[in-house]
Amino acid sequence: MNCPCCSGKTYENCCKPYHLGKDLPQTPEQLMRSRYTAFALVLTNYLVETTHSSTQKFNDFSDIEDWAKSNKWLKLEIVFAKDNKVRFRAFYQDKNNEIYEHDELSTFAQENGKWFYVDGEFY
Ligand SMILES: [Zn+2]
C-alpha cells in the first residue's frame, strides 16, 4: 500500500520500519510523517513512545486511540521542516463526514540520537 503520509513511497519503504522499531527517524519530518501514519493505522503505542517525556503525561493512551479511530485520515501536507520544527497540515474526516484541516507547527527534541515530539502550536 501507499504510505498514508503521502510521501509517494510504499508503507514498507517509508514509515513501517520506524513503526516496527527496525529503524529510527533521522529527522523531525520523518518522525512527523511516521506519527501521522500511526494515527491513520491506529498505532497508539508508537504515538505514546515518540512523545517526549516532558509532555507525555498530558497524552492519555485511550484519548489518543479514540482520536485516531474516530477519524479517517485523508492527507498530510508538510508545509516546511526546519531545525527542530515542522509545520504541517493534516486533513481528516470525522464520523459525521465533515472534513477538517489540522494546521500545526510542531516542536521536536532529540535525546540520545532519538527524535521525540514535544508539542505543537495550532493555527
Ligand atoms: Zn510514510
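Residues numbered from 1 in each chain as written. Predicted model: local features only at pLDDT ≥ 70, side-chain atom pairs only at ≥ 80, totals over all residues.

1. Here's the deal with the environment of Phe 116
Rule in force here: Working definition: helices are DSSP H or I runs of at least four residues, strands are E runs of at least two. Numbering for both runs from the N terminus.
Of note, Phe 116 is situated in strand E4 (residues 114–122). Residues Phe 116 and Ser 106, 10 residues apart in the sequence, show an inter-C-alpha distance of 11 Å.

2. Things to note about unusual backbone geometry
Of note, Val 42 is a non-glycine position whose phi angle comes to about 50°, a positive value. Topologically, Val 42 is positioned in the loop between helix H2 (28–40) and helix H3 (44–49). Although it is not a glycine, Asn 112 sits at a positive phi angle of roughly 50°. By the secondary structure assignment, Asn 112 is in the loop between strand E3 (99–111) and E4.

3. Digging into the nonpolar core
Which entries qualify depends on this criterion: We define the nonpolar core as any set of buried residues of the types Ala, Val, Leu, Ile, Met, Phe, Trp, Tyr and Cys, connected via C-beta atoms lying within 7 Å of each other. Three classes are used. A residue is buried when 20 or more other C-beta atoms lie within 10 Å of its own, exposed when 12 or fewer do, and partly exposed in between, with C-beta atoms placed from the backbone. Once C-beta atoms are placed from the backbone, any two residues with those atoms within 7 Å are in contact.
Ranked by size, the top nonpolar core spans 24 residues in total, and within it Cys 5, Tyr 36 and Phe 108 carry the most contacts. Elements represented by at least two residues in this core include exactly H2, H3, strand E1 (72–82), strand E2 (85–93) and E4. No other element matches H2, which puts six residues into this core. In this structure Tyr 36 touches Pro 4, Cys 5, Leu 76 and Ala 90, once residues within four positions along its chain are discounted.

4. Details of the pairing of E2
To be explicit about the condition: For two strands to pair, DSSP has to find at least two bridges joining them.
The two faces of E2 differ: Val 86, Phe 88, Ala 90 and Tyr 92 on one face are buried, but Lys 85, Arg 87, Arg 89, Phe 91 and Gln 93 on the other face are not. Across nine bridges, E1 lies against E2 in antiparallel orientation. Within E2, the residue paired with Leu 76 across the bridge is Ala 90. Two successive antiparallel strands, E1 and E2, enclose a turn made up of two residues, where Asp 83 displays a positive phi of approximately 50°. Note: E2 against E3, nine bridges, orientation antiparallel. By the bridge assignment, Ala 90 is partnered in E3 with His 102.

Bear in mind that shape data such as this cannot, by itself, settle questions of function.
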